[in-house]
Amino acid sequence: HPLWKKFKTKEFFFDNDFACFIQEIQKMAEGKSVELILNGDIFDFDSVTSFPKDAHYTVSWLESRRGLDSEREKSLYKIDVILRDHPIWVQSLAEFIGNGHRVVFVIGNHDLELNWLEVQKRIMDMIVHKEEDRRRVRFVEWFYLSNKDTLVEHGHQYDPFCSSKDPVNPVVIDYNRLLVRLPFGDLACRYMSNGLGFFNPHIDSNYLLTAWGFTKIYFKYMLRAQPLLIWTGFWTSVVTALQTLRHNTLQARQNPLTVEDRIDEIAKKSNASPRMVREMQALFAQPIAESPLKIARELWLDRAFMVLLGLFLLLYVFLLVDKIYNLSFYWLFVPILLLFPPYFLYARNVQSYVHQYKRPDEEKMTMAGMITNTRRSVFGHTHFMRHEIVGGIEHLNPGTWSPAFLDVECTQREGQQAFVWISPDDTGTTREAKIYLVEDQTVYDAGSYRGKRSKS
């Protein structure tokens, strides 16, 4: 179908805008060295659904339908697919590094498979052409301290839907194989979004709909293209719930003799101290995987099982009574109609928790600033552009470069591509931060952007 995952087609690749962005920031630096921090979710491992036909490893039926699991060899295949599809992005970043600049990859929730060192090496081999340039590329776990004044985090560790249970030890043991543990949000994208291609996972309002909202989209777009949408949604929701609970219970792989070495390693890469790493861990949100009931509510499984259980009980009672009174089958619809109002009342009052974590928590922002001794933070993850003061902390978020559209036909873009630029102020003693927009391969200061647009 031409609208199936249209937002993922090459028409909406941002590679050329990224190449323009790379050129512009080098001009803005006026010959000085630039530290480019790619703040998480750079590589969308969850959306890769292809798989090698001649793989030496086993590909399950579920993997062939929804994408490979997070094992080392499978993650390597997925990063090869991503890099192959974005040659302009790879070339631009390689030239940037070759010009003497630095790149820091902060691991987000959608690219947790970057925790495999082999995957990091594969990326390094693609974007670094000289051996001496490798020292200017760094991969960090979930946060990074830039120039001692700015805390950079992807921000998913404060979101229970996407929080990694243990980013210090991300690899878990699944019987005779090793996996990267994935949170609920990623598993939902992998098993549900990859099978429900008319819904855009990059924008919540596209899939967090009411029953009436789903009904309208179904009859407008999916009745012919995906008539069994309800069944697909149901079984993928069940799979997502089970996989979330399974990943949460798997034991982390760690060597008792190197526990402190691991903390020291993370601290060194993040320009932090071991104490900071431990204290930052204390701010993590509890993963939703710890609450099966909340998972069921988010996936509509509570309502689905209520319907199935109710129909089963009504049919069971009807068959018992029918043996005595020989009732007409149509009498079965009477209790069904009577139960509809309380069911819809319950369904209407069940609210999604997702929106609660789109705004930074003032207490956690303040604590993170105290822990890292910073007064500025830069987050991603929420897809909302921000520049504000939160709890005494200057907080910035450039939003998202993801193809977020409000409609299935991808005509209403939500948000704009942007980046945070931090540079010395006029006095040269401190740094100041601004947000710049990238549109049509042109860079604008977000503060003057509205004026430029209105004049044109």
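A short tour of the structure in this document, coming up. (Residues numbered from 1 in each chain as written. Predicted model: local features only at pLDDT ≥ 70, side-chain atom pairs only at ≥ 80, totals over all residues. Heavy atoms only, no water.)

Some points on the sheet that holds strand β7 (residues 177–180)
The condition that has to hold: When DSSP finds at least two bridges between two strands, those strands are taken to pair. Strands here are runs of E lasting at least two residues and helices are runs of H or I lasting at least four, both read from the DSSP assignment and numbered beginning at the N terminus. Contact criterion: two residues are considered in contact whenever any of their non-hydrogen atoms come within 4.5 Å of each other. An axis is simply a line fitted to the C-alpha atoms; with a helix, the fit covers only the stretch in contact. Between two such axes, the angle follows the N-to-C directions and lies from 0 to 180 degrees.
Strand order across the open sheet formed by three strands is β7-β6-β8, with antiparallel pairing between neighbours. Of all the strands in the sheet, just β7 and β8 (251–252) have a single pairing partner and so form its edges. Bridge count between strand β6 (residues 171–174) and β7: four bridges; the pairing is antiparallel. Each bridged residue has a counterpart across the sheet, and for Ile173 the counterpart in β7 is Leu178. Across the sheet, helix α8 (residues 229–249) is in contact with β6, β7 and β8; its angle to β7 comes to roughly 110°.

Brief notes about the side chain of Asp425
Our working definition: Between buried and exposed lies partly exposed: a residue is buried under 20% and exposed over 50% of the maximum accessible area for its type, with that area taken using a 1.4 Å probe on protein chains only. Only four residue types enter the charge count: Lys and Arg as positive, Asp and Glu as negative, with His and the chain ends excluded. Counted as salt bridges are all cases of a side-chain nitrogen of Lys or Arg within 4 Å of a carboxyl oxygen of Asp or Glu. By the criterion applied in these results, polar contacts are pairs of N or O atoms within 3.5 Å in which, for protein atoms, one can donate a hydrogen and the other can accept it, and in which residues neighboring in sequence qualify only through two side-chain atoms.
Within the secondary structure, Asp425 is located in the loop between β12 (417–424) and β13 (431–439). It turns out Asp425 is buried and unbridged, and the closest side chain with the opposite charge, Arg376, is 8.2 Å from it. At 2.7 Å, the side chain of Asp425 forms a polar contact with the side chain of Thr427. In this structure the side chain of Asp425 is engaged in a polar contact, spanning 2.6 Å, whose partner is the side chain of Thr430. When neighbours within four sequence positions are excluded, Asp425 is seen to be in contact with Thr430, Arg431 and Glu432.

A word on the nonpolar core
How we decide: The set of buried Ala, Val, Leu, Ile, Met, Phe, Trp, Tyr and Cys residues whose side-chain atoms join them within 4.5 Å is what this entry labels a nonpolar core.
Core analysis: the biggest nonpolar cluster contains 52 residues, and Phe21, Phe43, Trp89, Leu93, Phe105, Ile123 and Ile127 have the highest contact counts within it. In terms of residue count, helix α3 (residues 72–85) provides more of this core than any other element does, six residues in total. Contact partners of Phe21, with chain neighbours within four places excluded, come to Leu36, Trp401, Phe419 and Val438. Counting residues in each nonpolar core, the second largest holds 21 residues, with Leu151, Ala267, Val277 and Ala368 among its members.

Section: helix α12 (residues 301–325)
The cut-off we apply is this: Any helix carries an expected span of 1.5 Å times its number of residues minus one.
Compared with the 36 Å implied by 1.5 Å per residue over 25 residues, the 35 Å span of α12 between its first and last C-alpha is a close match. The set of residues buried in α12 consists of Leu301, Asp302, Arg303, Leu314 and Phe318. If you follow the buried residues of α12, they end up packed against α8, α11 (292–298) and α13 (333–349). At the C-terminal side of α12, Asn326 shows a positive phi close to 55°.

Observations regarding the packing of α12 against α13
To keep things clear, this is the line we draw: Reported orientations rely on four angle classes, namely roughly parallel under 35 degrees, roughly antiparallel over 145, roughly perpendicular from 65 to 115, and oblique for the rest. Note on convention: the crossing is left-handed when the near helix lies turned anticlockwise from the far helix by less than a right angle, right-handed when the turn is clockwise. Residue polarity follows a fixed list, in which Ala, Val, Leu, Ile, Met, Phe, Trp, Tyr, Cys and Pro are nonpolar, Asp, Glu, Lys and Arg are charged, and the others, Gly among them, are polar.
Contact geometry for α12 and α13: axes closest at 12 Å, N-to-C directions at 165°. Relative to α13, the element α12 lies roughly antiparallel. Remark: the crossing between α12 and α13 carries right-handed chirality. Contacts between α12 and α13 pair Asp302, Arg303, Met306, Val307, Leu311 and Leu314 from the former with Pro335, Ile336, Leu339, Tyr343, Tyr346 and Ala347 from the latter. Considering only residue class, the contact of α12 with α13 consists of ten nonpolar, no polar and two charged.

Section: helix α14 (residues 362–372)
Our working rule: Along the arc lie the directions from the helix axis toward the C-beta atoms.
Along α14, the residues that are buried comprise Met365, Ala368, Gly369, Ile371 and Thr372. Down the axis, α14 shows its buried residues gathered within 165° of arc, on one side only. Exposed side of α14, more than 90 degrees from the buried face: Glu362, Glu363 and Met370 are the residues found there. The inward-facing, buried residues of α14 contact β4 (143–146), β5 (150–153), α10 (274–281), β9 (376–378), β10 (385–390) and β11 (393–398). Its side-chain oxygen at 3.1 Å from the backbone nitrogen of Glu363, Asp361 defines the N-terminal cap of α14. In the segment just after α14, Asn373 is the residue with positive phi, at about 60°.

Description of the packing of aromatic side chains
Selection rule: Planes of paired rings set the category: under 30 degrees apart is stacked, over 60 is edge-to-face and the rest tilted, where pairs are Phe, Tyr or Trp rings (Trp by its six-membered ring) whose centres lie within 6.5 Å. Both a distance and an angle decide whether a charge sits over a ring: NZ of Lys or CZ of Arg must be within 6 Å of the ring centre and within 35 degrees of the ring normal.
Scanning the model with the defined rule gives 22 aromatic pairs in all. Arranged with centres 5.8 Å apart and planes meeting at 65°, the rings of Phe21 and Trp401 form a pair that is edge-to-face. You can see Phe21 sitting in helix α1 (residues 15–28) and its partner Trp401 sitting in the loop between β11 and β12, a full 380 residues away along the chain. Note on Trp401: relative accessible area 16%, which makes it buried. Taken together, the aromatic side chains of Phe14, Phe18, Phe21, Phe43, Trp89, Phe105, Phe139, Trp401, Phe419 and Tyr436 make up a single cluster linked through ring pairs. Over the ring of Trp300 we find Arg303, and its NZ or CZ is 4.6 Å from the ring centre. Its end group placed over the ring of Phe405, Arg413 keeps NZ or CZ at 5.5 Å from the ring centre.

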